[in-house]
Each structure stands twice: as C-alpha cells, then as structure tokens.
Amino acid sequence: MLAFSVKRLLVALLVAITVSIISFTLLRMTGDIAAEMAGEDASAADIEDIRHLYGLDRPLPIQYFEWAARALTGDLGESLYFRRNVTELLGGRMKVTMTLGASALVFALVLAIPLGVVAAIRPNTWIDRLALTTSVFGQALPSFWFALMMMILFGVTLRWLPISGSETWKHFVIPTIALGYYGTPAFMRLTRAGMMEVLASDYIRTARAKGLGSLSIFFKHALRNAIIPVVSLAAVQLGFLLGGSVIMESIFALHGLGYLAYESILRSDVAVVQAVVLIFSLFYIVLTLFADLLNGFLDPRIRIG
Amino acid sequence: MNKHLILLLASMLGVALLWAPSAWAGKANDTLVYTSEREEPNIDVWYNSSREGIVVSRMIWDQLIYRDPKDMSYKPHLATAWEWKNNLALDFTLRKGVKFHNGEPFDADDVKFSLEFLADPANKTISTYGRKFIKSVEKLGSHKVRVHLKVITPHILEYFASSDFVIYPNEYYGKVGNKGMDLKPIGTGPYRVTFVDPGKIAKLERFDDHFEGSAKGKGKIKHIVWKTIPDKVTQVAELLTGGVDWIWRVNPDQAKNLKRNPNLTVVSSETMRIGYVGMDAAGRSGDSPMKKLKVRQAVSHAINREAMAKNLAGGGARVIHVACFPSQFGCNDSAAPRYEYNQAKARKLLAEAGYPNGFDIDFYAYRERPYAEAIVGYLHEVGIRAKLKFMKYKALRGKVRGDGKKSETSLLFMTWGSGSVNDISAITSFFFKFSSDDLYRDEKVRDWLQTGDTTVSPKVRAANYKQALTRIAEQAYWLPLYTWSMNYAFTNELDFTPTTDEIPRFFTAKWK
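These figures come from a predicted structure and were not determined experimentally. (Residues numbered from 1 in each chain as written. Chains lettered and ligands numbered in written order. Predicted model: local features only at pLDDT ≥ 70, side-chain atom pairs only at ≥ 80, totals over all residues. Heavy atoms only, no water.)

Visitor: Can you explain the domain arrangement of chain B? Please cite residues and give values.
Guide: All names here are of chain B. You can read the domains of chain B as domain 1 (21–230) and domain 2 (271–485). Placing the centre of domain 1 and that of domain 2 at their C-alpha centroids yields a distance of 34 Å. On the side of domain 2, 14 residues touch domain 1, which itself brings 10 residues to the contact. Where domain 1 abuts domain 2, roughly 970 Å² becomes buried across the two surfaces, and 57% of that area is made up of carbon and sulfur atoms. Counting every contact that joins domain 1 to domain 2 gives zero salt bridges. (Domains from an automatic or database assignment. Contact = heavy atoms within 4.5 Å. Buried area = accessible area lost by both parts, 1.4 Å probe. Salt bridge = Lys/Arg side-chain N within 4 Å of Asp/Glu carboxyl O.)

As structure tokens, then:
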C-alpha cells in the first residue's frame, strides 16, 4: 500500500511539473503581459519599454527556471499585473473558491443522496419520476442561466439575498445552489443505481428475513455499500465544481481563485497562473488520495486488497 | 457569455424591476457606491494605466494643474502659477498650506521626488511619460521648482494635468513604497482612502482638510465606495436594487430598458474616443487595393456615417471629418474634404481604379461588432466584398503592427481615446509619424506633425497640424467615423455630470 501510494505521488508530481511547463509555454506563446501592463493606448515603443524593464524579453527557459527555482523554496513569485506576492494574493481568493466549491458539493450531496435513496426504494413511482426530473433539469440547465434566474427572483424581485460580493454567508447562498445543482444529477443517479443494486442483493434479503427494520436496512446496510462510488465521484465532482466556479465567481463578483486564474490567463500573468496550476495539481492529488483512503475506510475489502 | 443572451437577460431584468420596490440607500447613508468590471491591480496610479485607476486617482491625488473638463482650460491647482523659462524649462510656483492626508506638508520636495521618480527607468513605472519627457527637477525654493524637459514638448501641460504626473508625498512614499501606497494611499486629493482590498473594493471618505483654492473643490458626498463587479448583468441588477448607485459603459439596449425605471437616470455623453476606418495606403500588407487613392475614396463614400451615428451609436455621437477629436488642440477640419454618403460615386471611383466588379478583402475589427457589420454591409453594396475578421484588441493591434515593417491588415475599423489628452499629438502624431501603427507612411504628413509636436508657438503648431489633417483627409488614409458616446446609469437622487474625457469626477457629484 505504501509503495503504491509513493508511486502515485511521484506520478502526480511529474504531471504537475509537465502541466506547469506546458501552461507556461502556452501562456507566453499566446499572450503578452507587457501589452497588458502598458494599457490600450500604449505605443509599440511603450510596450517594448515595459517588456525590457520587467525582463520579459529574456529567453523563455531562463524565465521558467527562475520561477521554478523560486517555487521550490516556497516563493511563488510576484504577480506582474498586481505587483503583489502571489502567495499573499492567492490566500484570500482560495478561501472564497474553497467555500463555494465545498458548499456546492455539500448542497449537491444533501440533495442528491436522499433523492437517490427514495427513488431506489420506490422505483417507477411518482417519487422516482420527480427525482429523475429534478436530476434532468440539473443536467440540462446552463448553470449561468439558472444563476441569473435565481438572482432575478431572490436578489432583485424578492430582495431576500445579496447579489454580489462575498462578505457574509448569505452571499454564498445563490451561487452555492446554482453551482451545486449542476453537480446533483450524477450523484443522484449513482446513488439510485447503487441502492437498487444493493437492495436486490442476498445479504439485504437475509437482513429482511432476520426481521431488521427498514431504516436500519436502508441506511446501515444498504447505503453504506451503495455510497462507495459516490465518494469517489465526489472527489472528481469537486474538481468540476471548482472549475465551474469561474462562472459563478464572475456573475456574483466573488473574487475567487477560479476567476483570478481565468483573468490571469487573459492577462498572461504567468506567476499567478503557474501558482494556481500548482495549487490545483496538488489539490487533485490530495483529493484522490483522500477518496482512496475514505473508500478503504468504508469498504474493508479495499484495505485488504 | 453570449452577447445576445446578456441582452435578453438584461431586458428581463429591466422589465422585472419596473415594479420592484426601491432601496436607494446611497443618499440616506451619504455613500455613493460605483462599480466597474475589471479587477484593478493597483491603487498606486504610477503602476496602473487603466481608466478605472485614473478615475480613483483623481479623488485621492492632485496634479500641479487642473484641466477643467467644461472648456478644457488649465487652472491652478497644486501650482498657483507656471511659466516657460525657455523651450525646455518650465517653472512652477507651488501652493502653500497644502497638506497630505497623513498631515505631511506639501512642498517642492514632493514635486521633485514625484517627477524624478517617474523619470527614472529603474522605478519601472507603468506610465512612460515621465521617462519620455522629464530630464530633471530643480528646487528653486520651498515652494518653487523648475522642470527640465528632455525634448521640446509643447503639450506637456496636458501631462501635468493628467494622472500620469500626480504628486505623491516624498517622505511617506520613500518609506512605504508602491506596496504601502497600494494598501494605504496618501495624497492631497478631496478624498482619502479608508479601506482597500486590491481588485475588489476601495472605500473613500471626504478629506475635509482638502486645500482651499482647489480647482476640484471640496467633495460633496461623505463616503464613496468603488466596487468591482465583473459581470455587466450583475451590475445592472445591483443598480436596480440599490446595491450600487452608479454604473457606466451601459450598452444601448440596456440603457433603453433602464430609462424606463423611474428611480434611475440614464445619460448618454460624448467621449474623446473616435472611430475610424483605416486603409493601408503604404501597402505594408502587400499589394492591396487600398494603395489606390480612388479605392480609399470609394470606401469613404460608401459608408453612411450619419445613419450609423444616429441609429447605432446614438446619444452624443457626431460625425467627424478629420483624424482627431474636435476639442483637441490642432484639430481643424476647415480645409478637409467631406466624403458624403454616395454609393453611385463610390462605384464610379472603384471602376476608375480598375475594380468595376469590386474585390474581396479581409476587414478587421475588435469592438462594437454591430458597427463593423454595418460597415461590411455598406461596402458590399458598392462591390467591396469585405469579410469581417473580429478579434480581441491586442491580437488585432499585433496584426496591425506586424514586425514594424510588414502588416497583416489592409482595411480595418478601429477606435482611439487619445488617453484623454486634449492635443492631437496624442492621436494624429501617434498614427502618422512612421511608427509601427502607421499604415500610410506619408513623409509630408510626418514632417508637418513633427513640426507641430516640437514647436512651442501655438500658431505654428496649429498651422502645421491643419496641413497634416487636410492631407490625411484628401488622401483618405482614414475615414474618420464619429465620436463615441457612453451611457451612464445612476440613481436619480444623484447629481452627476459626465465629461468628454471619460474620467467621472465623483468629487463634484452631489445628492439632489
């Protein structure tokens, strides 16, 4: 298990380095931060002046290795656009994105798992159809459209919730629902399918024969097994939700990491993009490991294997 | 996001909110909240060239002189008087009794420090004008300085009145530097900053000790908050619910909807930005039909600028005939030809140029797609089968400039705001003096502009600029379209007047 984990970690690290080199190269090939810094009314000479002053005219490998050497010591460099330390810049942003991503995931799970369980317990009934409809809507509605509709209803017409900013928990309610709803269908279908399969298995029949109560059968015996794939999916879905948060952050002016990364790509702000790529790569590694360990906890067969 | 979808949603918002209850908290709290789209990197305007940075800088810091947006005249501000000593030296007498927000007194040391900081390449300021124009600053007394210029720059007063040359407190900036100034900006301006979260929000409070005799006057509103909201639809929603009091760059369709809301005022105002169709007369893009004068004239007659200005741009847009904004020094169209909309004439000119059946050509644009599409339509009607290539500004700018010699564009629709500089050196000289942006390469034009740019006498300057502008029009290097109009929307409790230089002055705004 240890050798397996170390191997996984090494591969992940190589992936992170490769992604970092590719993103650095692509950014520099497609954008020009000197032009961004100089502004719209800048002449070609102004842009060249900025490029030279900030050392952006040096060979790309030198610029990359300088960044990499500093990153190894924990210094992620300085954003050329914001002129601030990247670590400091990302700190506040990460909190917003993680809050949104985690709350959206929790919302999706809280909505999807009970729906999936109920749909599995009462297959082909109106409850099942309702759960399926809810799920289909989540899949079909573009999240930005759903977000704007909720903004109009709850923010503008009813004035129950704030429309933009991240100052209080209330600011996260609409973005969380809009983002989380998008993640609901996959969880719901997986829970439903898993529960139906488990409920048809021999050991559940045995449990019923022993006279165990329905709640005990559903939640103690069936759900624990049915939910294992959901845990693995949750790690992947969190990645999608973090990616999708770019749109929510933009619509609701949340100023999170996703929006910063998106804007930094457009601005060719290499230091920020590189740092975000590094952070997300590490985040995925940790998430995947966490999912493996959790699966091992839930299913002893995995631990033994 | 899809533009049409944004318009649809904005329309829905507009309709939904006609009967929505209002919650205008701005006046009640004496707090004006305004918003912009872009996350701004710095408050320190020496390191921020953006429009939003300039807007906030005008509240926090001051310049030596103030350009009155009403008539573009220069007024004493931090300097009470100025005088040219020779073509390369300008003396400023500084105002006494002025204090920075931290209590530091303003004097000649601050001016010397600020201007020489901007002139020093080691400081890597984003504003390049200090490096371009300023050689050194000589302190002549506690409140008198002499600025030595590198080159004769007759329009230098424009820069002394701009955000490029704001005056910082030398002791404070020497101690805290750029990062300190970003987080706790200190100036002499009518507002002081109480809180900054870079890129997100800045809170300002009226500086009651702002100096007597200030051309800006004292602030009328107690608190001003600048909030970044990237999405335009969200901005509109916030305006409608009272979350913000003022937005700008409202597109015409949104403006129409917002006008129907009784709680809002929507105004359209002319700006210093102009649009033009550029034609590669020099043949930098190869053997283009645009090298022929008659083809360029045909293009100029083919486009109905009046109709576009009235029906597409709206507001304060007006057709122009020379390559500059009317209020700019030297902008004189009295001798320039007028290219009236005349398709028959355009077809005739094309035939005379050897294109009786027209020709195919790529047409580049980067903003206001409806305008670009209208131009394509007009060109098609006379036989110029223009194919629209719409792209981001910086990508198009790269194509125009090419390697400095060759260019990839021969026909394009562009705009220029002159950086709010009220002098044609910021536009005509920028494009017609053989820089990489110059697709025309006319030596006569270049020489006239060069004389205008480097002569102190206003009379000589004006005469040379007039000749240059007339020739540009005669040769149809550009077809100047019209001035740009900007829509502002704000709570109707606010008394706000937009200006042509696109720098909203919140320090003159007040509650009704």
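Still more to cover.
Visitor: Got a sec to walk through the pairing of strand β14 (residues 384–390) of chain B? Specific residues and values, please.
Guide: Residues and elements named next belong to chain B. Relative to β14, strand β13 (residues 359–365) runs parallel, the two sharing seven bridges. Counterpart to aspartate 362 in the pairing with β14 is lysine 387. Handedness of the crossover joining β13 and β14 through helix α12 (residues 369–382) is recorded here as right-handed. (Pairing = 2+ DSSP bridges. Helix = DSSP H or I, 4+ residues; strand = E, 2+ residues; numbered from the N terminus. Right-handed = clockwise from strand over helix to strand, strands pointing away.)

Visitor: Give a detailed account of a nonpolar patch on the surface, specifying residues and quantitative values.
Guide: A surface patch of nonpolar side chains, amounting to about 550 Å² of accessible area, comprises Val6(A), Leu10(A), Leu13(A), Leu14(A), Ile17(A) and Ile21(A). With respect to the element layout, Val6(A) can be found in helix α1 (residues 2–30). (Patch = residues over 30% accessible without salt bridge, like charges linked within 9 Å, V, L, I, M, F, W, Y side chains within 5 Å. Areas by Shrake-Rupley, 256 points an atom, 1.4 Å probe, with all protein chains shown as cover.)

Visitor: Can you tell me about the packing of aromatic side chains, naming the residues and giving the values?
Guide: Residue and element names in this part refer to chain B. Counting across every chain of the model gives 50 aromatic pairs over all chains. When the centroid spacing of 4.9 Å and the interplanar angle of 25° are considered together, the rings of tryptophan 46 and phenylalanine 117 count as stacked. Pair noted here: tryptophan 46 is in the loop between β1 (31–36) and α2 (51–60) and phenylalanine 117 is in helix α3 (residues 108–119), with a separation of 71 residues, a long-range link. Each of the two residues, tryptophan 46 as well as phenylalanine 117, counts as buried. Aromatic rings pair up to connect Tyr34, Trp226, Trp246, Trp248, Tyr488, Phe490, Phe496 and Phe506 into one cluster. The ring centre of phenylalanine 195 lies 5.5 Å from the NZ or CZ of lysine 203, which sits over that ring. The ring centre of phenylalanine 507 lies 5.4 Å from the NZ or CZ of lysine 216, which sits over that ring. (Phe/Tyr/Trp six-rings, centres within 6.5 Å; stacked < 30°, edge-to-face > 60°. Buried < 20%, exposed > 50% of the residue type's maximum accessible area, 1.4 Å probe, protein only. Lys NZ or Arg CZ within 6 Å of the ring centre and 35° of its normal.)

Visitor: Hey, could you go over the interface of chain A and chain B for me, with residue numbers and the actual values?
Guide: Taken together, the contacts link 41 residues of chain A with 57 residues of chain B. Contact between chain A and chain B buries roughly 4,200 Å² in total, counting both sides, with carbon and sulfur atoms accounting for 55%. On the surface where chain A and chain B come into contact, there are four salt bridges. Across the salt bridge formed by Lys179(B) and Glu78(A), the nearest N and O atoms sit 2.7 Å from each other. Between the two partners, chain A and chain B, sit nine residue pairs in polar contact (both at pLDDT 80 or more). (Polar contact = N/O pair within 3.5 Å; in protein donor to acceptor, adjacent residues only side chain to side chain.)

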